[in-house]
Amino acid sequence: MVIFVIGTRRMRVVPGRFQSIVEMGLDFVRVNIAEDLLGKKDGKRFLPILTTLFFMILFMNVMGIVPGINIAGTSVIAMPMLLAIVAYVTFIYAGIRKNPGNFFKNSLMPSGVPWPLYIIIIPLEFLSTFIIRPVTLTLRLLMNMIVGHLMLVLFFSATQFFIFSMGGLWTLLGAGSLAFGFVFTLFELFVGFLQAYVFTILTAVYIQLAVAEEH
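Now for a quick tour of the structure.

Conventions and cut-offs
- Residues numbered from 1 in each chain as written.
- Predicted model: local features only at pLDDT ≥ 70, side-chain atom pairs only at ≥ 80, totals over all residues.
- Heavy atoms only, no water.
- Patch = residues over 30% accessible without salt bridge, like charges linked within 9 Å, V, L, I, M, F, W, Y side chains within 5 Å.
- Areas by Shrake-Rupley, 256 points an atom, 1.4 Å probe, with all protein chains shown as cover.
- Salt bridge = Lys/Arg side-chain N within 4 Å of Asp/Glu carboxyl O.
- Buried < 20%, exposed > 50% of the residue type's maximum accessible area, 1.4 Å probe, protein only.
- Helix = DSSP H or I, 4+ residues; strand = E, 2+ residues; numbered from the N terminus.
- Expected span 1.5 Å × (residues − 1).
- Contact = heavy atoms within 4.5 Å.
- Polar contact = N/O pair within 3.5 Å; in protein donor to acceptor, adjacent residues only side chain to side chain.
- 1 Å grid on protein atoms, 1.4 Å probe; cavity = no way out; pocket = protein on both sides within 12 Å on 5 of 7 lines; lining within 4 Å.
- Points joined across faces, edges and corners; volume = space filled by probe spheres on them.
- Nonpolar A, V, L, I, M, F, W, Y, C, P; charged D, E, K, R; others polar.
- Axes fitted to C-alpha atoms, helices over the stretch in contact; angles between N-to-C directions.
- Left-handed = near helix turned anticlockwise from the far one by under 90°.
- Parallel < 35°, antiparallel > 145°, perpendicular 65-115°, else oblique.
- Core = buried A, V, L, I, M, F, W, Y, C linked by side-chain atoms within 4.5 Å.

Together, F126, L127, I131, I132, V135, L139 and M143 line one region of the surface with nonpolar side chains, adding up to about 580 Å² of accessible area. Overall, the relative accessible area of 37% leaves I131 in the partly exposed class.

This is the structure we're talking about:
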């Protein structure tokens with residue numbers, strides 16, 4: 001919030017360096033996620049929630065490599081679950097708003113299927129659409145950030161053990177684990193960005209499915 005307040009409080013026609021960075025971030029979500037999947041009208045409509053999800057997840061993921069914190073907010077299950085619930089509610093809201101009378105019917109009963117097969121299709125569609133989606137959104141983000149946290153802990157704990165506890169030739173192994181720790185820190189930055197992008201784009205895909213004409 002502080003970054004966006006500072007970056008947008010004195011907007012200029014010819015942006016400065018910091019304003020340009022903020023605008024690039026906002027344009028990335030608007031062009032590559034919202035408008036690309038939802039079109040200009042629906043993209044503009046759902047842009048605030050998609051932008052909030054992307055940057056909230058991104059900055060929480062980055063916390064995992066900040067010295068003294070070293071754990072991402074999204075590696076604690078409450079936060080990915082909350083974000084998945086927000087995405088889930090937005091998806092259902094978009095579908096009901098677009099087609100209030102037939103959203104659930106069309107979601108559970110795809111057209112062109114013989115009537116007897118609905119006995120099997122309806123439970124499967126309900127499980128897939130309304131149960132598995134929020135669960136997979138939660139677990140995908142949670143597990144990726146937990147694994148990243150554990151890997152960084154492993155590398156830097158090994159460095160401390162080899163250098164300060166063992167000493168001697170073990171210091172060479174400590175230097176190696178330290179190098180791997182720094183490399184994996186950079187990789188964790190990439191994973192943090194990627195997971196924010198994946199979560200946000202999946203949310204946009206679900207919204208797009210909800211507002212599609214057949215729904």
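We now examine unusual backbone geometry. Of note in this structure, N70 is not a glycine but carries a positive phi near 55°. Structurally, the position occupied by N70 is in the loop between α2 (17–62) and α3 (78–98).

Moving on to α3. In this model, α3 (21 residues) spans 30 Å end to end at C-alpha, consistent with the 30 Å of a helix rising 1.5 Å per residue. Where α3 is concerned, the buried positions are M79, P80, L83, A84, A87, T90, F91, I92, A94 and G95.

A word on the environment of N144. One can find N144 in helix α5 (residues 118–166). With near-sequence residues (within four places) excluded, N144 lies in contact with E188 and Q195. Side-chain polar atoms of N144 contact the backbone oxygen of R140, separated by 2.7 Å.

A few words on empty space enclosed by the protein. In this structure the tally under the stated criterion is three cavities of 30 Å³ or more. When contributions to the lining of the largest cavity are tallied by element, the ones reaching two or more residues are α3 and α5. The element that contributes the greatest number of residues to the lining of the largest cavity is α3, accounting for four residues. In terms of residue class, the lining of the largest cavity is made up of seven nonpolar, no polar and one charged.

With that settled, the discussion passes to the packing of α2 against helix α6 (residues 170–211). Packing of α2 against α6 leaves a shortest axis separation of 8 Å and a crossing angle of 145°. Taken as a pair, α2 and α6 cross one another with a handedness that is right-handed. Grouping the amino acids of the contact of α2 with α6 by side-chain chemistry returns 21 nonpolar, seven polar and one charged.

Turning to its location among the elements, N61 is positioned in helix α2. Judged by its relative accessible area of 2%, N61 is buried. The contacts of N61, once residues within four sequence positions are left out, are A72, T74, L141, M145, G192, Q195 and A196.

A few words on the packing of α5 against α6. Two packed helices can be described by the angle between their axes and the distance between those axes. Orientation of α5 relative to α6, taken along the N-to-C sense of each, is 170°, at an axis distance of 8 Å. Classed by the angle they form, the pair α5 and α6 counts as roughly antiparallel. Its residues assigned to classes, the contact of α5 with α6 comprises 23 nonpolar, 10 polar and three charged.

Our focus in this paragraph is the nonpolar core. In this structure, L50, F54, L83, F91, L137, F199 and I207 are the most contacted members of the largest nonpolar core, which totals 34 residues. Elements supplying a minimum of two residues to this core: α2, α3, α4 (103–108), α5 and α6. Among the elements that take part in this core, α2 stands out by supplying 12 residues, more than any other. L50 has contacts with V29, I33, A34, L38, T200, T203, A204 and I207, leaving out every residue within four places of it along the chain.

Attention shifts here to the pattern of salt bridges. Between side chains of opposite charge, pairing is possible as soon as their charged atoms come close. Throughout the structure, instances matching the rule amount to four salt bridges. The partner of R30 in a salt bridge is E35, with the nearest N and O atoms 3.3 Å apart. We classify E35 as partly exposed; its relative accessible area is 22%. Taking the shortest distance from any N to any O, the salt bridge between D42 and R45 comes out at 3.6 Å. With a gap of three residues between them, D42 and R45 both fall in helix α2, about one helical turn apart. Residues joined in a network through salt bridges with shared partners are D27, R30, E35 and K40.

Honestly, that's just the spatial picture; any functional story needs more than this.
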